[in-house]
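Next come the chains, spelled out residue by residue.
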Amino acid sequence: IYKWHYSGLNRWHGAGSTADFQKIIQERCDTYTQTIRPGSRSRNCQAIRQAFMSAFISKDPCKATKEDYNSLINLAPPTVPCGQQVFWSKTKELAHEYAKRRRLMTLEDTLLGYLADGLSWCGEPGSSDLNIWSCPDWRKDCRTNYVSVFWEVLSERFAESACNTVRVVLNGSLENAFDSMSIFGRVEAPNLRPQVELEAWLVHDTGKPPSDSCSGSSIRKLKSILDGRNVKFRCMDNLR
Ligand code: AVW
């Protein structure tokens, strides 16, 4: 029985749930609401932690749905003041630096984005614990795992709430700075509201010639997605 149980929990190809997941969520929530954004609406961190756990505990880790996260997201919708949003794709660290310097906000500056940033989590049917041994990998196991669906649904809500001018930091040192299969490409860009203006910042590694530019085919593809939604588009090359 031990051997069966062990191999069962170990069957996924991704890293297991982050150790002390619940404790980290609670602590990050307290820090965020008391220190990082004390002016924001008062939030009940215990209720948020509980809603997060109920979203996936005891469930098949490959059968996540957006609806599983409804109550959690309703407790803390990922909205930011008009004109302050920054999206990113393959530029996580850099985008966070840019946002900070210009007092703009990424998804990880909203409460739920901040809570889950860099963590891994999944449950197991018939158990009230997290699986700390392994969690489904997006490629090797299933796309509808709880971590991927979380970022997709949170990103969707984040993008839907955009207004005025928003920015995206893209990696011009890749062959395709815009990746239509990324969350930005699949979920965020197609969910921007009409009349929003998106400003793309193409950054590239210093010392290397840029591989993609505002006139390249990947950016043209982004522009065509936005044209179809009446979203205005501007692109800036050569940021370092
Ligand atoms: P990527 P995407 N912590 O670099 O456009 C851990 O190709 O796909 O960029 N994992 C995360 C986090 C996070 N904070 N955020 C996303 N992921 C996952 C949300 C997710 O599965 C932001 F608003 C994603 O596919 C950005 O505008 C992958 O890590 C946009 O989504 C990063 O892949 C970045 O996603």
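Structure first, text after, so check above.
Computed from a predicted model, the values in this text were never measured in an experiment. (Residues numbered from 1 in each chain as written. Predicted model: local features only at pLDDT ≥ 70, side-chain atom pairs only at ≥ 80, totals over all residues. Heavy atoms only, no water.)

A. Local environment of the nonpolar core. By size, the foremost hydrophobic cluster in this structure holds 55 residues, and its most contacted members are F52, Y69, W121, F150, L170, L192 and L198. Mapped onto this core, the elements with two or more residues apiece are α2 (21-36), α3 (45-56), α4 (70-75), α6 (111-116), α7 (146-160), β4 (165-171), β5 (197-203) and α9 (217-227). When residues in this core are grouped by element, the largest group, eight residues, is from α7. Leave out the neighbours within four places in its chain, and W121 touches S17, F21, F52, F56, Y69, A116, L130, C135, Y146, V147, F150 and W151. Within the second largest apolar cluster, eight residues are counted, among which are V86, L104, V169 and W201. (Core = buried A, V, L, I, M, F, W, Y, C linked by side-chain atoms within 4.5 Å. Buried < 20%, exposed > 50% of the residue type's maximum accessible area, 1.4 Å probe, protein only. Helix = DSSP H or I, 4+ residues; strand = E, 2+ residues; numbered from the N terminus. Contact = heavy atoms within 4.5 Å.)

B. How the structure looks around the site of the ligand. Near the ligand lie 15 residues; those nearest to it are S89, K90, D117, I183 and E188. Within the backbone of W88, an N or O atom sits 2.9 Å from an oxygen atom of the ligand. K90 is positioned with one of its backbone polar atoms (N or O) 2.9 Å from an oxygen atom of the ligand. Mapped by element, the contributors of at least two residues to the shell around the ligand are β2 (86-89), α7 and α8 (183-188). (Near = heavy atom within 4 Å. Polar contact = N/O pair within 3.5 Å; in protein donor to acceptor, adjacent residues only side chain to side chain.)

C. Structural context of the pattern of salt bridges. Applying the stated criterion across every chain, the model contains 13 salt bridges. In this structure, E156 and K66 form a salt bridge, with 2.8 Å as the shortest nitrogen-oxygen distance. Here the residue E156 occupies a position in helix α7, and K66 occupies one in the loop between α3 and α4, the gap between them amounting to 90 residues. With a closest N to O distance of 2.7 Å, D179 and K90 form a salt bridge. Within this pair, whereas D179 is found in the loop between β4 and α8, its partner K90 is found in the loop between β2 and α5 (92-101), the two being separated by 89 residues in sequence. (Salt bridge = Lys/Arg side-chain N within 4 Å of Asp/Glu carboxyl O.)

D. Structural detail: the side chain of Q85. Considering the arrangement of structural elements, one finds Q85 in the loop between α4 and β2. Within the structure, Q85 has its side chain in polar contact with the backbone oxygen of F158 (distance 2.6 Å). With residues near it in sequence (within four places) discarded, Q85 still touches V80, M105, F158, A159, S161, A162, C163, V166 and R167.

E. Inspection of the environment of Y32 at higher detail. If you trace the backbone, Y32 turns up in helix α2. Y32 gets classed as buried once you look at its relative accessible area, which sits at 5%. Considered as a pair, Y32 and C135 are 103 residues apart in the sequence and their alpha carbons are 27 Å apart.

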